[in-house]
Amino acid sequence: QVQVVESGGGLVQPGGSLRLSCTLSGNIFNSFDIYTVNWYRQAPGNRRELVATIASTEGTNYPDSVKGRFTISRDNAKKTVYLQMNSLRPEDTAIYYCNAFIPAMKTSTDFWGQGTQVTVSS
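Being a predicted model, the structure only gives us computed values, none of them experimental.

In this section: the pairing of strand β1 (residues 2-7). Residue alternation in β1 divides its side chains into a buried set, Val 2, Val 4 and Glu 6, and an unburied set, Gln 3, Val 5 and Ser 7. Both β1 and strand β3 (residues 18-26) contribute to a ladder of six bridges, which runs antiparallel. By the bridge assignment for β3, Ser 7 is matched with Ser 21.

So, in structure tokens, the structure goes:
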């Protein structure tokens, strides 16, 4: 089994920063290097939204809503992906989820964490 654990959430004032971490452990198929990792978020009453992607090549992608404010990065030796969130806004408030998978084997390697709460409020 593979475990995905997110951490780093909390309460922050508008304009502040947080860094989320997502760490994989357990029986990881092959190497963490080949995983693509996504960060999603979901606010109450809203659909789950993809906010950042990092591929095995370390290519990244962001939606316009967070581009220029969020940065995703990875440390393969630690099997960890980070989401640096700057200039946070109240509308960034949500539960943030980490999702890791091997693109060529998504149906059997699609792993999710339990989520970490981010609240942006004064």
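Across the two faces of strand β11 (residues 116-120) the burial differs, with Thr 116, Val 118 and Val 120 buried and Gln 117 and Thr 119 not buried at all. The pairing of strand β2 (residues 10-12) with β11 spans three bridges and is classified as parallel. Its bridge partner being in β11, Val 12 is matched across the sheet by Val 120. Note: strand β9 (residues 94-101) against β11, three bridges, orientation antiparallel. The residue bridging Ile 95 from the neighbouring strand is Gln 117, located in β11.

All right, on to the pattern of salt bridges then. In a structure, side chains of opposite charge can pair up when their charged atoms sit close to one another. All chains considered together, the criterion is met by five salt bridges. The salt bridge involving Asp 110 is made with Lys 106; its shortest N-O contact spans 3.4 Å. Taking relative accessible area as the criterion, Asp 110 reaches 32% and is therefore assigned partly exposed. For Lys 106, a relative accessible area of 36% translates into the label partly exposed.

What follows covers the sheet that holds β1. Judged by pairing direction, the sheet is antiparallel, and its four strands sit side by side in the order β1-β3-β8-β7 without closing on themselves. In this open sheet, the two edge strands, each paired with only one partner strand, are β1 and β7 (70-75). When strand polarity is set aside, the average angle formed by the axes of neighbouring strands in this sheet is 15°. Sheet topology note: the β3/strand β8 (residues 80-85) ladder contains six bridges and is antiparallel. Directly across from Cys 22, in β8, lies its bridge partner Val 81.

Cut-off values and rules
- Residues numbered from 1 in each chain as written.
- Predicted model: local features only at pLDDT ≥ 70, side-chain atom pairs only at ≥ 80, totals over all residues.
- Heavy atoms only, no water.
- Buried < 20%, exposed > 50% of the residue type's maximum accessible area, 1.4 Å probe, protein only.
- Helix = DSSP H or I, 4+ residues; strand = E, 2+ residues; numbered from the N terminus.
- Pairing = 2+ DSSP bridges.
- Salt bridge = Lys/Arg side-chain N within 4 Å of Asp/Glu carboxyl O.
- Axes fitted to C-alpha atoms, helices over the stretch in contact; angles between N-to-C directions.

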